[in-house]
Number of protein chains: 4
Amino acid sequence: MTLKNIDQLFQASLAQSDLSAKQKAVLQASLMLFAEKGFERTTTRDIATLAQVSEGTVYKQFKTKQQILDAILQPFITQVFPQAANEFIAELTARPVTSLHAFIQFIVYDRINFGLTNQKQLKVLVQQLLDNGRLLAELGRVFDKVLQGPVKSILDQLQRQGELVNWSHARIFRHIISTVLGYVLPIIILPIADPDVEKITAEATEFLYAGLHQKKA
Amino acid sequence: MTLKNIDQLFQASLAQSDLSAKQKAVLQASLMLFAEKGFERTTTRDIATLAQVSEGTVYKQFKTKQQILDAILQPFITQVFPQAANEFIAELTARPVTSLHAFIQFIVYDRINFGLTNQKQLKVLVQQLLDNGRLLAELGRVFDKVLQGPVKSILDQLQRQGELVNWSHARIFRHIISTVLGYVLPIIILPIADPDVEKITAEATEFLYAGLHQKKA
Amino acid sequence: MTLKNIDQLFQASLAQSDLSAKQKAVLQASLMLFAEKGFERTTTRDIATLAQVSEGTVYKQFKTKQQILDAILQPFITQVFPQAANEFIAELTARPVTSLHAFIQFIVYDRINFGLTNQKQLKVLVQQLLDNGRLLAELGRVFDKVLQGPVKSILDQLQRQGELVNWSHARIFRHIISTVLGYVLPIIILPIADPDVEKITAEATEFLYAGLHQKKA
Amino acid sequence: MTLKNIDQLFQASLAQSDLSAKQKAVLQASLMLFAEKGFERTTTRDIATLAQVSEGTVYKQFKTKQQILDAILQPFITQVFPQAANEFIAELTARPVTSLHAFIQFIVYDRINFGLTNQKQLKVLVQQLLDNGRLLAELGRVFDKVLQGPVKSILDQLQRQGELVNWSHARIFRHIISTVLGYVLPIIILPIADPDVEKITAEATEFLYAGLHQKKA
DNA sequence: AATGAATGAGGGTTCATTCAT
DNA sequence: TATGAATGAACCCTCATTCAT
């Protein structure tokens, strides 16, 4: 069974770390608070309180508040995102790609759900990405990796079939991502209560398909 | 002569305000510092020093540090963006819309330049948008307004001509914006030294045109 | 009129500094507390309270607690001790040196009084000298300077008269200092209530005279 | 074979105590660290680490950090110093006292060597003596005791022979100690690399002999 | 007995904000 | 009006001490 939720992936990542239960609670609480109020406005006392732990315990494992943030971000880069990518790839390869439209529809639906399921976590990440170029760079590397595996062969196949425009895979990905984010980010930021996922998916898919499919000569 | 630079618009906005020269210097300095280091990491002493003003003076006009931020953000909403929108509209109406492709090309080129010219200011804004939903909402209202004026008639015309897909203007705008941001935001965040504006414009235009033009029956 | 009291010299040193009244109060309070409880056991809150000042004010002038200590020690080196040395020299030159015995008697009496009058200040200094070799080195330089001026001519003269042993002035000084400290330091550390200055002076003088005067062939 | 080194005496003192090996390691490590960085700047974690012991173990025997210091200081008072004194006395009695000059020369040479061999330990002690008057008082009692045994008879004999001035033994001792410390303490504090023991001994002996021997009528 | 994770009071320091001059 | 010294709450972090295992 696949995990579609960053929380679960984050838990799993924590589970296989050598941190004690309390240290994990610290990271957990930090994630919540950083998402809610931002890094700067979260105090170490807040963290300790929410984690039901003393302030001293917070600093047992992590030397500084910044290291807590790093400890949260690092698994995102090295674990959560690759893992999410892998599962995404797994689902992709599980089903035979019948057409470009089906492919786009799947991706859009999958990623929109992913985004909406993990609103809180994405918010922290986006905030940090803004003054942490390194983070974005590493995230870029994850995308590159995704673009190598089965995605590459699917795109190649679709291009060979003359269904998909002959652009670089990176460019195609950029368009897909920005279109999806065009729907997801506003929802994350304002928070919109009940987004109509079906409608969103339909709209994004329709636009992307039109933009990416090969026009017949 | 038109202003393409937020700085100039911001100056102009300040000029017609009833703030003293020192208060303007405070806002100016605050903008610089908030962009550079973020709101939280900027101290009122930093601001006073850069503005060549005493800390007391900073608090003469603004009751709190937060009010300084508001004072910067408010003109963005009420002045800078509408002004930018108006100029954008003015340029748009100045030239007769010959075709959807030309229209898209113009918008994309114009907005990409706008974005790249104002990287610093946009960074502050994006940062604030993340934990200030109200800001995004107001920004949305500005967009709505832009979508009423000449843009509306242009889009209507293009749709009547059968060139532009029959989607809502808001949706069309969303696709344009997200596609442009897909190129601009990475440049703002990492900072990429010399972006190839021509290539970016060509790619975004090509994709948007394909995605938005009406397929003949 | 001469100042025999480090407190007064310290005040005078403060008076001609550009520190505000509150900053001076901070240094004053720090001196008291460092003497009483030691540097480490004195908190910045203690200092603020005794100085009748907020903790923020303590840090207006001095960036760290250590800098407060430095600010106290530095004038000791550059002002208080040279000043004390100068006054000592002045008194020395004021009276014609009639004999080695009178010379020793005067020095011993003067320095013992100096030490007993400034017990508290000396205690801070001695404590700091222990883990601040630089301080001792600079103090050494002050002694060197004292050994140049009129003291030099007096010792030279006494040696030429065949009254004083033909040792280096530094060595002679070392013996004088250690003998005086042999009486003064125990009083400073335990604190002995009412030291018999007359008796102490007599004993130290008798011993030093015996040790330092030239035995006739 | 005699022990001239406080370390060895301290070891011996530990050996006959009922402390476990780990507790001894704690005291050992504490001594090292207190000497190096001072009591306040030494953390219990430092001690535990150097002693290769857990922090819990440190607190098994000693209720507080202060008790560790006490546990170190107490043997100095009750064991190390008396032991050192006894050995000093033993050596003294082993050789017949031929003259005042030989007596002084022996003491000076012996104590200067003692001081230079145990620089680190003396530094801790001196530091503690400064804000621990009780310690100095007890040290005084040790001196008193030394002044009772064979030293007393030697001094008596020298005084009867008309070689040694007729001052109280305490006073004579004070002069000897302060003269020796006048050479030893500066070496301990700055640390001077290679002190010329021969020269120091010669100088101190010469001065003390002149100061203490009986002038013929 | 030994461990070391956990505690929490308190330390030095910062900084938004106030106010006497 | 403008200043910047002064304030003090609150921050991040340390460390002596405790206690479950």
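Note that the coordinates shown come from a computational prediction; the quantities given were computed from them, not determined experimentally. Numbers given to residues run from 1 along each chain, matching the order in which its sequence is written. Both sets of labels track the order of writing: A upward for chains, 1 upward for ligands. Reporting of local features is limited, given that this is a predicted model, to residues whose pLDDT is at least 70; pairs of side-chain atoms are given and counted only at 80 or more, and all residues count toward the totals for whole chains, interfaces and linings. Side-chain numbers here rest on the full set of heavy atoms in the structure, without hydrogens or water.

**Re the overall build of chain A**
Using the following cut-off: The numbering of helices and of strands both runs from the N terminus, where a helix is a DSSP run of H or I of at least 4 residues and a strand a run of E of at least 2. The buried label applies to any residue whose accessible area, calculated with a 1.4 Å probe on protein chains only, is under 20% of its type's maximum; exposed applies above 50%, and partly exposed to all values in between. In what follows, residue pairs with any heavy atoms lying within 4.5 Å of each other are defined as contacts. Areas reported here follow the Shrake-Rupley algorithm with a probe of radius 1.4 Å; residue values treat only the protein chains shown as occluding. Positive residues here are Lys and Arg, negative ones are Asp and Glu, while His and the chain termini are left out of the count. We put the charge of a Lys on NZ, of an Arg on CZ, of an Asp on CG and of a Glu on CD.
Along chain A, the regular secondary structure elements total 11 helices and zero strands. Element order for chain A, N to C, with α for helix and β for strand: α-α-α-α-α-α-α-α-α-α-α. Expressed as a percentage of its 217 residues, the buried residues of chain A come to 50%. For chain A, contacts bridging at least 24 residues in sequence account for 68% of all contacts bridging at least 6. In the structure as shown, chain A presents an accessible area of about 10,100 Å², 55% of it carried by carbon and sulfur atoms. Averaging the locations of the 23 positively and 20 negatively charged side chains of chain A gives two centres separated by 4 Å.

**Brief notes about the interface of chain A and chain B**
Where the parts come together, the accessible area they lose is often given as the size of the interface. Going by this rule: By definition, the buried area sums, over both parts, the 1.4 Å-probe accessible area that each loses when the two are put together. Whenever a carboxyl oxygen of Asp or Glu lies within 4 Å of a side-chain nitrogen of Lys or Arg, that contact is scored as a salt bridge.
The interface of chain A with chain B comprises 31 residues on the first partner and 30 residues on the second. Approximately 3,000 Å² of surface area, both sides summed, lies buried where chain A meets chain B, with 65% of it carried by carbon and sulfur atoms. Between the two partners, chain A and chain B, sit six salt bridges. Glu206 of chain A serves as the salt-bridge partner of Arg171 of chain B, at 2.8 Å between the closest nitrogen and oxygen.

**Thoughts on the arrangement of the chains**
The two units chain A and chain C are non-contacting; their minimal C-alpha-C-alpha distance is 20 Å. At the level of C-alpha atoms, the two units chain B and chain D stay apart, their nearest approach being 32 Å.

**Structural notes on unusual backbone geometry**
Of note in this structure, Gln52 of chain A is not a glycine but carries a positive phi near 55°. Its location among the elements puts Gln52 of chain A in the loop between α3 (44–50) and α4 (55–61).

**Considering the relation of the copies chain A and chain B**
Our working definition: For this overlay, a least-squares fit was computed on C-alpha atoms, restricted to residues scoring pLDDT of at least 70 in both copies.
When chain A is fitted onto chain B, the two copies agree to an RMSD of 0.3 Å after a turn of 179° and an axial shift of 0.1 Å. Here the symmetry operator amounts to a two-fold rotation axis. Taking C-alpha positions as reference, the residue of chain A nearest the rotation axis is Gly211 of chain A, located at 1.7 Å.

**Considering the protein's contact with DNA strand F**
How we decide: We call a residue near a molecule or strand as soon as one heavy atom of that residue lies within 4 Å of the molecule or strand. Within 3.5 Å is the distance limit for a polar contact, defined as a pair of N or O atoms, with the added protein rule that one can donate a hydrogen and the other accept it, and that residues adjacent in sequence qualify only through two side-chain atoms.
For DNA strand F, the set of nearby residues contains 28 residues, the closest of which are Tyr59 and Lys65 of chain A, Thr57 of chain B, Thr57 of chain C together with Thr44 of chain D. Backbone sugar and phosphate groups make up 61% of those atoms of DNA strand F lying within 4 Å of the protein. Contact between DNA strand F and Thr42 of chain A: a phosphate oxygen at 3.5 Å from a main-chain N or O atom of the residue. Within the backbone of Thr44 of chain D, one N or O atom sits 2.6 Å away from a phosphate oxygen of DNA strand F.

**Describing the relation of the copies chain C and chain D**
Each of the two chain copies goes to the other by way of a rotation about an axis and a shift along it. When chain C is fitted onto chain D, the two copies agree to an RMSD of 0.3 Å after a turn of 179° and an axial shift of 0.0 Å. Comparing interface residues between copies, 100% of those in chain C also lie at the interface in chain D; the contact surface is shared.

**Considerations on helix α11 (residues 197–212) of chain A**
Quick note on the threshold: A helix's residues, less one, multiplied by 1.5 Å, set its expected span.
A rise of 1.5 Å per residue sets the reference length of α11 of chain A, with its 16 residues, at 22 Å; its end C-alpha atoms lie 22 Å apart and thus fit the reference within 8%. Along α11 of chain A, the residues classified as buried are Val197, Ile200, Thr201, Glu203, Ala204, Thr205, Phe207, Leu208, Ala210, Gly211 and Leu212 of chain A. Next to the buried residues of α11 of chain A lie α6 (100–117) and α10 (169–189) of chain A together with α10 (169–189) and α11 (197–212) of chain B.

**Focus: the protein's contact with DNA strand E**
Close to DNA strand E lie 29 residues; Thr57 of chain A, Thr44 and Lys65 of chain B, Tyr59 of chain C together with Thr57 of chain D are nearest. When atoms of DNA strand E within 4 Å of the protein are sorted by moiety, sugar and phosphate together comprise 60%. With respect to DNA strand E, the side chain of Glu55 of chain B contributes an N or O atom lying 3.3 Å from a base oxygen. One of the backbone N or O atoms of Lys65 of chain C is found 2.7 Å from a phosphate oxygen in DNA strand E. Elements supplying a minimum of two residues to the surface near DNA strand E: α2 (21–37) and α4 of chain A, α4 (55–61) of chain B, α4 (55–61) of chain C together with α4 (55–61) of chain D.

**Observations regarding the side chain of Ser178 of chain C**
Within the secondary structure, Ser178 of chain C sits in helix α10 (residues 169–189). With residues near it in sequence (within four places) discarded, Ser178 of chain C still touches Ser178, Thr179 and Gly182 of chain D.

**Structural notes on the packing of aromatic side chains**
The test is simple: The aromatic pairing rule takes the rings of Phe, Tyr and Trp, using the six-membered ring of Trp, and pairs them if the centres are within 6.5 Å, calling planes under 30 degrees apart stacked, those over 60 edge-to-face and the rest tilted. In this scheme, Lys NZ or Arg CZ marks a charge over a ring once it lies within 6 Å of the ring centre and within 35 degrees of the ring normal.
A full pass over the atoms with the stated rule returns 10 aromatic pairs over all chains. Between Phe207 of chain A and Trp167 of chain B, the aromatic rings sit 6.4 Å apart at their centres with planes inclined by 75°, giving edge-to-face as the arrangement. Of the two residues, Phe207 of chain A is situated in helix α11 and Trp167 of chain B in the loop between α9 (150–160) and α10; the pairing between them involves two chains. With a centroid separation of 5.2 Å and 65° between ring planes, the pair formed by Phe34 of chain C and Phe39 of chain C is classed as edge-to-face. One exposure class covers both Phe34 of chain C and Phe39 of chain C, and it is buried. Arg111 of chain A extends its terminal NZ or CZ atom over the ring of Phe114 of chain A, reaching a point 4.4 Å from the ring centre. Over the ring of Phe39 of chain C we find Lys65 of chain C, and its NZ or CZ is 4.6 Å from the ring centre.

**A closer look at the packing of α11 of chain A against α11 of chain B**
Our working definition: Axis definition: a line fit to C-alpha positions, over the contact stretch in the case of helices; interaxial angles, taken between N-to-C directions, run 0 to 180 degrees. Helix crossings fall into two classes, left-handed where the near helix is turned counterclockwise from the far one by less than a right angle and right-handed where it is turned clockwise. For this classification, the nonpolar set comprises Ala, Val, Leu, Ile, Met, Phe, Trp, Tyr, Cys and Pro, the charged set comprises Asp, Glu, Lys and Arg, and every other residue, Gly included, is treated as polar.
Running from N to C, α11 of chain A and α11 of chain B point in directions that differ by 115°, and their axes come no closer than 7 Å. Note that α11 of chain A runs across α11 of chain B; the crossing there is right-handed. Where α11 of chain A abuts α11 of chain B, its residues Phe207, Leu208, Ala210, Gly211 and Leu212 of chain A lie against Phe207, Leu208, Ala210, Gly211 and Leu212 of chain B. Taken together, the residues of the contact of α11 of chain A with α11 of chain B break down into eight nonpolar, two polar and no charged.

**With respect to α6 of chain A**
Side chains that are three or four residues apart share a direction in an α-helix, a result of its 3.6 residues per turn. Taking 1.5 Å of rise per residue, the 18 residues of α6 of chain A would be expected to cover 26 Å, and the 25 Å separating its terminal C-alpha atoms lies within 8% of that figure. Turning to α6 of chain A, its buried residues are Leu100, Phe103, Ile104, Phe106, Ile107, Val108, Asp110, Ile112, Phe114, Gly115 and Leu116 of chain A.

**Remarks on the pattern of salt bridges**
One pass over the full model with this rule turns up 32 salt bridges over all chains. A salt bridge links Arg111 of chain A to Asp110 of chain A; the nearest nitrogen and oxygen atoms lie 2.4 Å apart. When its relative accessible area of 24% is taken as the criterion, Arg111 of chain A is described as partly exposed. Salt-bridge contacts for Arg171 of chain C lead to Glu203 of chain D; the nearest nitrogen and oxygen are separated by 3.7 Å.

**A look at the nonpolar core**
The condition that has to hold: What makes a nonpolar core is a set of buried Ala, Val, Leu, Ile, Met, Phe, Trp, Tyr and Cys residues whose side-chain atoms join them at distances within 4.5 Å.
Judged by nonpolar contacts, the single largest core of 138 residues is most densely connected at Ile72, Phe103 and Leu212 of chain A together with Ile68, Ile72, Phe103 and Leu212 of chain B. If we ignore the near neighbours within four places in the chain, the residues touching Ile68 of chain B are Val26, Leu27, Ser30, Phe34, Ile47, Val58 and Phe62 of chain B. Counting 72 residues, the second-largest nonpolar core is a separate cluster that includes Ile154 and Leu164 of chain C together with Leu147 and Val165 of chain D.

**As for the interface of chain C and chain D**
With 30 residues of chain C at the contact, the number on the chain D side is 30 residues. Buried surface at the junction of chain C and chain D, summed over both partners, amounts to about 3,000 Å²; 65% is from carbon and sulfur atoms. Applying the counting rule to chain C against chain D returns six salt bridges. With its nearest N and O atoms 2.2 Å apart, the salt bridge here joins Arg41 of chain D to Glu40 of chain C. Remark: the boundary between chain C and chain D carries eight residue pairs in polar contact (both at pLDDT 80 or more). Breaking the side of chain C that touches chain D down by element, the ones donating at least two residues are α7 (119–130), α8 (133–146), α10 and α11 (197–212) of chain C. Element by element, the count of residues in the side of chain C that touches chain D is highest for α10 of chain C, at nine residues. When its residues are assigned to classes, the side of chain C that touches chain D shows 14 nonpolar, seven polar and nine charged.

**Some points on the environment of Tyr109 of chain A**
Residues and elements named next belong to chain A. As for its position among the elements, Tyr109 is in helix α6. According to the relative accessible area criterion, Tyr109 is partly exposed, its value standing at 37%. Once the C-alpha coordinates of Tyr109 and Ala202 are considered, the two residues, 93 residues apart in sequence, prove to be 8.6 Å apart. Those residues in contact with Tyr109, other than ones at most four positions away along the chain, are Val197, Glu198 and Thr201.

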